[in-house]
Amino acid sequence: VQLQASGGGLVQAGGSLRLPCVASGGTFSTYTMAWFRQVPGKEREFVAAIRASGGSTLYLDSVKGRFTISRDNAKNTVLLQMNSLKPEDTAVYHCAAGLRLILSSTRDPRAYAYWGQGTQVTVSS
């Protein structure tokens, strides 16, 4: 599975960005899809995930109510809508895909076999 993320950029605090990630080469509807973020010197941090079956979602506490993850299986796309952005949201955002994840492993980056190249999100104060 190849993942292509885009949509990053520079935005002022309080603004919005929309990050699409397009998958190719696999059966998209069977994958749990997730977004992680990373800043230099820190570990990769779980942001949001949407499961394959039923489309249930999971979020990092600090983004609840501001970020929304969704998927369009017909277009092999997962989307992260980010509103009310804060400077602490600044990071490189990566999309990831995993198969047969148990619920307890959804936040663990080691559970995901496929990763996109990342897109930079910078939020200025």
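Residues numbered from 1 in each chain as written. Predicted model: local features only at pLDDT ≥ 70, side-chain atom pairs only at ≥ 80, totals over all residues. Heavy atoms only, no water.

Across the two faces of strand 1 (residues 2–5) the burial differs, with Leu-3 and Ala-5 buried and Gln-2 and Gln-4 not buried at all. For strand 1 and strand 3 (residues 17–24), the ladder comprises four bridges, and the chain directions are antiparallel. Bridge pairing in strand 3 places Ala-5 opposite Cys-21. (Buried < 20%, exposed > 50% of the residue type's maximum accessible area, 1.4 Å probe, protein only. Helix = DSSP H or I, 4+ residues; strand = E, 2+ residues; numbered from the N terminus. Pairing = 2+ DSSP bridges.)

Here the focus is the side chain of Ser-105. With respect to the secondary-structure elements, Ser-105 resides in the loop between strand 9 (91–99) and strand 10 (114–115). Residue class for Ser-105 comes out buried when judged on its relative accessible area of 15%. Of note is the side chain of Ser-105, whose polar atom sits 2.8 Å from the backbone oxygen of Ile-102. Not counting residues up to four positions away in its chain, the partners in contact with Ser-105 are Ala-111 and Tyr-112. (Polar contact = N/O pair within 3.5 Å; in protein donor to acceptor, adjacent residues only side chain to side chain. Contact = heavy atoms within 4.5 Å.)

The next point concerns the sheet that holds strand 3. Spatial strand order, 1-3-8-7: four strands in an open sheet with antiparallel pairing. Edge positions in the sheet fall to strand 1 and strand 7 (67–72), since each of these pairs with one other strand and no more. Looking at each pair of strands side by side, their axes are set apart by 15 degrees on average, direction ignored. Summarising the sheet, strand 7 and strand 8 (residues 77–82) pair through six bridges and their orientation is antiparallel. Its bridge partner lying in strand 8, Phe-67 is registered against Met-82. (Axes fitted to C-alpha atoms, helices over the stretch in contact; angles between N-to-C directions.)

So, on to the nonpolar core. The biggest cluster of nonpolar side chains holds 29 residues, and the ones touching the most others in it are Trp-35, Leu-80, Met-82 and Tyr-93. Looking at this core, the elements that each hand over two or more residues are strand 1, strand 3, strand 4 (31–38), strand 5 (45–50), strand 7, strand 8, strand 9 and strand 11 (119–124). If you look at the next biggest cluster of nonpolar residues, it comprises seven residues, including Ala-34, Phe-36, Phe-46 and Ala-96. (Core = buried A, V, L, I, M, F, W, Y, C linked by side-chain atoms within 4.5 Å.)

Nothing here speaks to function; it is geometry throughout.
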